[in-house]
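Coordinate inspection notes
The chain contents come next:
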Amino acid sequence: MSSVPTTVTLEKIVALCKRKGFVYQTAEIYGGLNGVYDFGHLGTLLKQNIRHAWIQSMQKTDHGEILFLEGSILSPHAVWEASGHVSNFHDPMVDCLNCKHRYRADDIDLHKACPHCGNKAWTDIRDFNMMFQTNLGAAADNTSVAYLRPETAQAIYINFKNVASTNRVKMPFGIAQIGKAFRNEITPKQFLFRMREFEQMEMEWFCKPENGLADFEYWCEQRMNFFKTIGIDQTKLRFHVQTPEELAHYSKGCKDVEYHFPFGWKELEGIAYRGDFDLTQHSKHSGKDLAVHDEATKTSYMPHVVESSIGVDRLFLTVLFDAYVEDMVEGEMRVVLKFHPKLAPIKAAFFPLVKKLNEPMHKIYLDMKRKGYMVDFDESGSIGKRYRRQDEMGTPACFTYDFESETDQCVTARNRDTTKQERINIDQISNYLENLLK
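Residues numbered from 1 in each chain as written. Predicted model: local features only at pLDDT ≥ 70, side-chain atom pairs only at ≥ 80, totals over all residues. Heavy atoms only, no water.

1. Details of the confidence of the model for the protein
Overall, the predicted model of the protein reaches an average pLDDT of 93, with 98% of residues at or above 70. Of all secondary-structure elements in the protein, the lowest mean pLDDT belongs to strand 1 (residues 2–3), at 64, while strand 21 (residues 348–352) reaches the highest, 98. (pLDDT = per-residue confidence, 0-100. Helix = DSSP H or I, 4+ residues; strand = E, 2+ residues; numbered from the N terminus.)

This is how it looks when you write it as structure tokens:
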């Protein structure tokens, strides 16, 4: 095996996702729906593994308890009025008067002609609220207005007292949630990077005001460490510390974890010290006291919040970019996804050398399935072609049953990254996989 310079592009990733069934365009047979995607078998498994890794990273903290919540997608108007989304959740929008194409005003040079039709005839810039509005029930009036949530965090804030009291937790503690969110993006772009329907993994950390800055720094460190544990190239990660001009008016500090995508350094995860803004707003608008009583001092205070927020889909795309490699094996170019083994959708593939050996190898394959491994069985084509198929899927290990296996009770184990092959006993397959997946 020899390495070759790998230039990963968005076009290559999109083609691979379609070819291997990671991602499909939603309603493709009807022309598709821009900014919305469906995830196939491999994509679904990869997303499950990403979620699981994130949950594990939350549970490993020794700083306090992390509790979990699954909030509703629909929320009443009052929630988003209190949070500021109704009045402030806007993007600047502009239209071409000639071809009617719509653009984000901050994504285009309005001193130049329209990229689509070549004419320079723009509307005035206007605000476009990105929330999806709907009506509950039969009446379509102001009392029935609701929204598909543009973020998952508000469900955590409005359930803060419920979670704290029913779980009898003491400060500090966190509430974590994974769930769908919706933003009516003017121009969804860069495949899964900016979508209209997406999934978020968010954790809101509630602490005493005097501990807020220290806890903010703690979570910045923890979140960067998370990317190390899932194998992301550390040379492609950095912190961007938001300037005072970039910070929200209520924010006391924000660091973005950025990844070097083919289209530049872009935000992967945001860690923000939000102060007491969110709980204070919901307390004021709802009329419910969300303050915490401190028995030691006999005083009450509004907890401060440190938030970490990352998109499942954006991390999914990042993992694909980071794992994509092209190299030469036996004189042939191969495409391989070098996922961290715990993220790989398929953990191992099982091959009979020829079809007449299907039965004994299929028994081994079924045994691994029963042990809980997500595995694949492939009998079609040459061994070399089967290896290449699994390499493109990111499968860490392949096992081949040949004519000697019946007598020596061994199979050939092949490592995805090194292409090294070794003979191991059939009874050792589980151990081999356990060591690989550590």
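2. With respect to the environment of T6
For T6, the location among the structural elements is in the loop between strand 1 and helix 1 (10–20). Separated by 329 residues in the primary sequence, T6 and V335 place their C-alpha atoms 9.7 Å from one another. T6 has contacts with Y324, V325 and E326, leaving out every residue within four places of it along the chain. (Contact = heavy atoms within 4.5 Å.)

3. Looking at empty space enclosed by the protein
One pass over the full model with this rule turns up one cavity of 30 Å³ or more. Space inside the largest cavity adds up to approximately 30 Å³. V36, Y37, F39, K180, M195, E197, F198 and D313 are the residues that line the largest cavity. Where the lining of the largest cavity is concerned, the elements lending two or more residues are strand 3 (37–39) and strand 12 (197–207). Residues belonging to the lining of the largest cavity are distributed by class as follows: five nonpolar, no polar and three charged. (1 Å grid on protein atoms, 1.4 Å probe; cavity = no way out; pocket = protein on both sides within 12 Å on 5 of 7 lines; lining within 4 Å. Points joined across faces, edges and corners; volume = space filled by probe spheres on them. Nonpolar A, V, L, I, M, F, W, Y, C, P; charged D, E, K, R; others polar.)

4. Considerations on the side chain of R149
Within the secondary structure, R149 is located in the loop between strand 10 (145–148) and helix 5 (153–158). In this structure, R149 is buried with no salt-bridge partner, the nearest side chain bearing the opposite charge being E70 at 7.4 Å. Those residues in contact with R149 that sit more than four places away from it in its chain are G71, S72, I73, W80, Q177, G179, K180, A181 and F182. (Buried < 20%, exposed > 50% of the residue type's maximum accessible area, 1.4 Å probe, protein only. Lys, Arg positive; Asp, Glu negative; His and termini not counted. Salt bridge = Lys/Arg side-chain N within 4 Å of Asp/Glu carboxyl O.)

5. Some thoughts on the layout of surface pockets
Its boundaries defined by the atoms lining it, the second largest pocket holds a volume of some 350 Å³. Looking at the lining of the second largest pocket, the elements with two or more residues in it are helix 6 (160–167) and strand 16 (292–294). Residue composition of the lining of the second largest pocket, by class: six nonpolar, two polar and five charged.

6. Describing the nonpolar core
If you look at the biggest cluster of nonpolar residues, it comprises 62 residues, and the most contacted ones within it are F227 and L315. No other element matches the eight residues that helix 9 (residues 312–323) contributes to this core. Those residues in contact with F227 that sit more than four places away from it in its chain are I232, Q234, L237, V257, L268, E269, I310 and L315. Counting 21 residues, the second largest nonpolar core, distinct from the first, contains A348, Y401, A413 and Y432. (Core = buried A, V, L, I, M, F, W, Y, C linked by side-chain atoms within 4.5 Å.)

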